[in-house]
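# Observations on the three-dimensional arrangement
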Amino acid sequence: MSIQKLLGAWVCFGLSLLGPRLVWGACAGPPDLEARLRTHPDAETNVQLGIWFGNHHQHSCAIRRFQTALEYEPDSPRIFYLIGLSYYFSGQPEEAVSALQSSIRLDSKNLDSRLILAAALSQLGRNREAQPQWEEALQIDPTSKVAMDGLSKCLIAEGEYGAVISLLSSTPRNEVMTLDLALAYAKGGNLAGASTVLKQALTAAPSSQPLTKALITVYVNQNRYQDAVKLAEKMYSLHSANLDAQAAYMEVLILNDEFSKAAPLGQKLLAAAPHKFETLYLNGVLRRESGDYASARPLLEQAVELNPRHYNVRYNLGVVLSKLQDYSGAKKQLQEAIELGGSEPQIRFELATALRNLGEAQEAQEQLKIYKQELKERADRTLAAGKAAEAEQELSKGNAQKAVELYREAVAANPRDALLNYKLALALDKTGDTSGERDALNEAIKIDPDIAVAHNQLGYLASLQGDLSSAENSFRQALRAAPGYTQAWISLAATLAMQSRFSEAQEAVSVALRLDPQNASALQLHRQLNVEQSQH
C-alpha cells in the first residue's frame, strides 16, 4: 500500500494507526536478511531489514536499522524519510518531524515526505507549520486528495472557510473532502450551501453514515428538526444495530422534544453500552429535559470524565447543578463550556444566573451584556443567510437586479462574510455593473485573502479589459490559495497564450488536464496551443 493510501486512511477515517511508544528490544528479522547483514553490513541491507520490521509493526526495530543505514549514507533523503515514517507510525510525531525535515532539505520534491511531515505537524496541533507543507504537497501533485483534505482541515482550524470552499468546490471529491467542504460552508454561515453539497453526495452514497450525520447536523442548525428526525430515522432503519446511528437518532428526537420516543432508545443504549460517552451524555440530557436533575447529574458527571473537552456536556451539567442549587459547581462547568468553544448565547445566560445566585452581581451583568450581543450577532447571521437564500432563488428565476438588492441586505447584516461579498459580485456581474462587481470582489479578498474564486473572477475582469498582467497575477493568486482549482489553471493558460508564452501555457493547461482529464475547455485549449506552437 502506498504512503498516500496509508495516510489517507488515517486522515480520512480517523483510524488509530498509532501504537504506544516502543522501547529497544530483541530485533530478530528473517534469517536470510540477518545473514546478509552479517556478510554485507551496508545501507541497503539495513534499509531492507528496517522495512521488514516496519511491515511487521516493530517500529523501534525499524528505526534502529534505518539509523544504522544512515551511518553508511548520511545524506540519503530516503533513509531520513523512512526514519520519520517509522517514528510517526510508532506514535512519536515530534521525533518524526526532525527526520522528515531533513529528508525534505535533501529532496524538496518528495511528495510522501511532505505528506507525512504535514500530518505529523497537524497531529501536534502545529497547523500554521503544517499548512505550507500541505500546500507544497499540492504543488508537487495538485490531484492529491490526502493533501487537499489535510490543507482543508488546517484552513478550517484557522477559520479560513472561503479558502476551503475555493479549494474543494471545483475539484472531484471523495467523502472526506465533501465533509470538509460542507463544514467550511456551515462554519462560514452558509448552511444552505452545506446542505446542497451533502444532499448531492448522499444521492451517490445514500447509506453513508458520515454524510447523513453531517446533513442531520446542518438541518439542526437550520432549525429544521422534523427533517433532521426523518433523516436520522432513515439512518437508524438502515443501521439499526449501530450504536452511533442509535445515538444520532436519539439526539435529534431530544432536540425535537420527542422525549417519549427518545426514552426507549436511551434505555437500549444504556443496556448495550453503559460506559460509552454518548450513552451517558444523551441519557443525562434526556433526564435534564424531563426535570429529573438528581438522576441526570451522575450521568453527566461520568460523561465529563470520559470527554472533558466536550463543551455541551459541561453546559448541560452546569444547568443541572444550577437547578440543584450547586451554583459554584454550575459556574465552573459553564465557564469551562465557554473556554472550550461553546458559543450559544444560552450558556452566557445560564452563567449569569449562577453568578447572580453567588452574589457576583457585576460579573452577572457582564455576562448578560455578552448574551445580548451574541443574540444580536446570531440574529444578524440568520438574517444574512435568509436574504442570501432569497437572492439565490431570484437568480435562478433570472431576476439579477432583485438578487443584487437581497445580497446587499445580506452583506449589510453580515459585512465580514467574504463569501457573501463574492456572491454579491457574481450577481452584479449579471447586471453588467462591472465597477460594483470589482468593488465587491476586492472587499471579499480584503476579508479573506485566500478566497480563490474571487481572485479568479478579478482575473477574468482584467482579461476582458486587456490587462493581461493583472489578469495573470490574479489567476496566480487564485492558484496560490487553491492549487487544485482547475478553472484557474485554464484561465492562466489562456492568459499566458495571449502573451505568446506558449510553453508556460502548455504547462498550465497540462496541470488542468491532470486535475480533470475530461475538461472540455482544457482539451480545446490544449489543441489550440499545439496549433499555435507549430506555427511559431
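Residues numbered from 1 in each chain as written. Predicted model: local features only at pLDDT ≥ 70, side-chain atom pairs only at ≥ 80, totals over all residues. Heavy atoms only, no water.

### Concerning the overall build of the protein chain
Looking only at helices and strands, one finds 30 helices and 0 strands in the protein chain. Each principal axis of the C-alpha atoms in the protein chain carries an extent, and together these give about 75 × 75 × 50 Å. For the protein chain, the residues scored as buried account for 50% of the 536 residues in total. Contacts spanning at least 24 positions in sequence make up 50% of the contacts within the protein chain whose residues lie at least 6 apart. (Helix = DSSP H or I, 4+ residues; strand = E, 2+ residues; numbered from the N terminus. Buried < 20%, exposed > 50% of the residue type's maximum accessible area, 1.4 Å probe, protein only. Contact = heavy atoms within 4.5 Å.)

### Thoughts on the packing of helix H23 (residues 400-413) against helix H24 (residues 418-431)
Two numbers describe how H23 lies on H24: the axes approach to 9 Å, and their chain directions differ by 160°. It follows from the interaxial angle that H23 and H24 lie roughly antiparallel. Crossing of H23 over H24 shows left-handed handedness. Residue-level inspection shows Ala400, Gln401, Ala403, Val404, Tyr407, Arg408, Ala410 and Val411 of H23 in contact with H24, the latter providing Leu420, Asn421, Lys423, Leu424, Ala427, Leu428, Lys430 and Thr431. (Axes fitted to C-alpha atoms, helices over the stretch in contact; angles between N-to-C directions. Parallel < 35°, antiparallel > 145°, perpendicular 65-115°, else oblique. Left-handed = near helix turned anticlockwise from the far one by under 90°.)

### Observations regarding the side chain of Asn283
By the secondary structure assignment, Asn283 is in helix H17 (residues 277-289). The buried category is assigned to Asn283, whose relative accessible area is 2%. When residues no more than four places from it in sequence are discounted, the contact partners of Asn283 are Met250, Gly266, Gln267, Leu270 and Leu299.

### So, the packing of helix H9 (residues 145-157) against helix H11 (residues 175-187)
Look at H9 against H11: their axes get within 10 Å of each other, and the N-to-C directions meet at 20°. Between H9 and H11, the interaxial angle falls into the category roughly parallel. Along this stretch, H9 crosses H11, giving a crossing that reads as left-handed. Residues Lys145, Met148, Asp149, Ser152, Lys153 and Ile156 of H9 form the contact with H11, whose own contacting residues are Val176, Met177, Asp180, Leu183, Ala184 and Lys187. Within the contact of H9 with H11, the residues separate by chemical class into 6 nonpolar, 1 polar and 5 charged. (Nonpolar A, V, L, I, M, F, W, Y, C, P; charged D, E, K, R; others polar.)

### Observations regarding the confidence of the model for the protein chain
In low-pLDDT regions, the fine details of the predicted coordinates are not to be read closely. On average, residues of the protein chain score 90 in pLDDT, and 95% of them are at 70 or above. The low-confidence segment residues 1-25, where pLDDT is below 50, has 54 contacts with residues more than four positions distant or belonging to other chains. (pLDDT = per-residue confidence, 0-100.)

### Considering the side chain of Asn519
The topology assignment puts Asn519 in the loop between helix H29 (502-515) and helix H30 (520-534). Classification of Asn519 as buried rests on a relative accessible area of 15%. For Asn519, the side chain forms a polar contact with the main-chain nitrogen of Ser521, separated by 3.1 Å. When neighbours within four sequence positions are excluded, Asn519 is seen to be in contact with Thr486, Ile490 and Leu513. (Polar contact = N/O pair within 3.5 Å; in protein donor to acceptor, adjacent residues only side chain to side chain.)

### Here we look at helix H26 (residues 452-464)
Helical geometry: 3.6 residues make up each α-helical turn, so side chains three or four residues apart lie on a common side. Along its 13 residues, H26 runs 19 Å from first to last C-alpha, staying within 8% of the 18 Å computed at 1.5 Å per residue. The inward-facing, buried residues of H26 contact helix H10 (161-168), H24, helix H25 (434-447), helix H27 (468-481) and helix H28 (486-498). Just downstream of H26, Gly466 is the residue with a positive phi angle, here 80°. (Expected span 1.5 Å × (residues − 1).)

### So, the packing of aromatic side chains
Here the distance between the centres and the angle between the planes together describe a pair of aromatic rings. This model, assessed by the stated rule, comprises 5 aromatic pairs. Ring centres of Tyr88 and Phe89 lie 5.1 Å apart, and the angle between their planes is 75°; this geometry places the pair in the edge-to-face category. One exposure class covers both Tyr88 and Phe89, and it is buried. (Phe/Tyr/Trp six-rings, centres within 6.5 Å; stacked < 30°, edge-to-face > 60°.)

### Brief notes about the state of the cysteines
A disulfide bridge is the covalent bond that connects two cysteines by way of their sulfur atoms. Going through the model one piece at a time under the given rule, you end up with 1 disulfide. Disulfide pairing is shown between Cys27 and Cys61; the S-S distance is 2.1 Å. Taking the torsion about the sulfur-sulfur bond, which here is approximately -80°, the covalent link between Cys27 and Cys61 counts as left-handed. Taken together, the residues span a long stretch of sequence, with Cys27 in the loop between helix H1 (3-13) and helix H2 (31-39) and Cys61 in helix H4 (residues 59-72) at a distance of 34 residues. (Disulfide = S-S within 2.5 Å.)

### Side note on unusual backbone geometry
Generally, phi is negative for residues other than glycine and the peptide bonds are trans, each holding for most cases. Even without a glycine there, the phi angle at His57 is positive, about 60°. In this fold, His57 is placed in the loop between helix H3 (43-55) and H4. Positive phi, close to 65°, is recorded for Gln325, a residue that is not glycine. Classification of Gln325 by relative accessible area gives exposed; the value is 61%.

### Some remarks on the pattern of salt bridges
Once their charged atoms are close, side chains differing in charge can pair, the charge on each being opposite to the other. For the coordinates displayed, the defined rule picks out 21 salt bridges. Two residues, Asp227 and Arg224, come together in a salt bridge whose shortest N-O distance is 2.9 Å. In this structure, Lys423 and Glu392 form a salt bridge, with 2.9 Å as the shortest nitrogen-oxygen distance. Highlighted residues: Lys423 in helix H24 and Glu392 in helix H22 (residues 361-396), separated in sequence by 31 residues. (Salt bridge = Lys/Arg side-chain N within 4 Å of Asp/Glu carboxyl O.)

### Thoughts on the environment of Leu317
Counting through the fold element by element, Leu317 comes out in helix H19 (residues 311-323). Along the sequence, Leu317 and Arg297 sit 20 residues apart, while their C-alpha atoms lie 6.6 Å from each other. Leu317 has contacts with Arg297, Leu300, Glu301, Val304 and Gln333, leaving out every residue within four places of it along the chain.

### Quick word on the nonpolar core
With 159 residues, the main nonpolar core has Trp134 and Ile451 as its most contacted residues. When residues no more than four places from it in sequence are discounted, the contact partners of Ile451 are Gly162, Ser166, Ala418, Leu419, Tyr422, Ala444 and Ile445. Of all hydrophobic cores here, the second largest spans 9 residues; its members include Leu334, Ile338, Ile347 and Leu351. (Core = buried A, V, L, I, M, F, W, Y, C linked by side-chain atoms within 4.5 Å.)

### Concerning helix H6 (residues 93-106)
Here H6 spans 20 Å end to end across 14 residues, near enough to the 20 Å set by a 1.5 Å rise per residue. Where H6 is concerned, the buried positions are Pro93, Ala96, Val97, Ala99, Leu100, Ser102, Ser103 and Ile104. On its buried face, H6 is in contact with helix H5 (77-89), helix H7 (111-123) and helix H8 (127-140).

### Considerations on the environment of Gly50
As for its placement among the helices and strands, Gly50 is situated in helix H3. Distance from Gly50 to Ile83, taken between C-alpha atoms, is 9.2 Å for residues 33 residues apart in sequence. Here Gly50 is in contact with Ala62, Arg65 and Phe66, once residues within four sequence places are set aside.

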